[in-house]
Structure formats: structure tokens, C-alpha cells
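Examining the three-dimensional arrangement
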Amino acid sequence: GGFSRVPFCMSFLGCLSGADPEVLAAHEEGIIRCFRDEYRRCGGPYLEMDELLTRYHLGYITFVYESATWVERDIYKQATREEIGSWSGVFDPR
């Protein structure tokens, strides 16, 4: 958050990483294209769509890796591996 300077492709992760996979797969290109077009309309340089998508996907890789560390840092503090292994799925009421 805040006003730090970051590559805007990485900023997309904060908005798009919580989307359901089917929704993200169906709409990520359109969302990024919309940003690109508005950025240009407001005076930014023209950006190649392939370049934006590549940079976004490379950033997404780092997000996925970091997300996996949350399991160790947070989830295993709330339940043991054995308990988690007995769950029926992500909506298990335990």
C-alpha cells in the first residue's frame, strides 16, 4: 500500500491475485488491456500488450512462490499437518 513506487505490473497482483482462476483466465488480458489503453489516453507511453502480459506473468510467479510460504508462517500455527490432511476440502467446517 501507500505511495511507494513499484512496477505497475506488480501492482496488478494486489487487485487480481484473489480472483477465482476461471475468472482470471477469462479476463486478465482484457483488464490489462484496459489499463494500457487508459494509461496511454492519460499521456503515458504506448506499451506493447505482449510485454505487459509477460511482465505480469513473471510477477505472478513471485506471488505464487510467496503465497506458499504463508502455509508455514500462518496455517501450520493454526492446525497441524495431520489435521489439515484429514480435511475434506477448503470448505471443511473444521
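All residue numbers here refer to positions counted from 1 along the written sequence of the relevant chain. Per-residue local features are limited, in this predicted model, to residues with pLDDT of at least 70; the limit for side-chain atom pairs, both in listing and counting, is 80 or more; totals at the level of whole chains, interfaces and linings are taken over all residues. As a rule here, side-chain values cover all heavy atoms of the structure and leave hydrogens and water aside.

Some points on the confidence of the model for the protein chain
- Averaged over the protein chain, the pLDDT score is 87; the fraction of residues at 70 or greater is 96%.
- For the protein chain, per-element mean pLDDT is lowest for helix H1 (residues 8-16), which scores 81, and highest for helix H2 (residues 21-41), which scores 94. For every residue, the predictor states its confidence as a pLDDT score lying anywhere from 0 to 100. In this text, helices come from DSSP runs of H or I with a minimum length of four residues, and strands from runs of E with a minimum of two, each type numbered from the N-terminal end.

Some points on the environment of Met 10
- Tracing the sequence through the fold places Met 10 in helix H1.
- Residues Met 10 and Arg 55, spaced 45 residues apart in sequence, show a C-alpha to C-alpha distance of 8.2 Å.
- Only heavy atoms enter the contact rule, under which two residues are in contact if any of them lie within 4.5 Å. Excluding residues that lie within four positions of it along the chain, Met 10 makes contacts with Gly 59 and Thr 62.

A word on the environment of Gly 85
- Its place among the elements puts Gly 85 in helix H4 (residues 81-85).
- Burial here depends on accessible area, computed with a 1.4 Å probe over protein chains only, as a share of the maximum for the residue type. Under 20% is buried, over 50% is exposed, and the range in between is partly exposed. For Gly 85, a relative accessible area of 63% translates into the label exposed.

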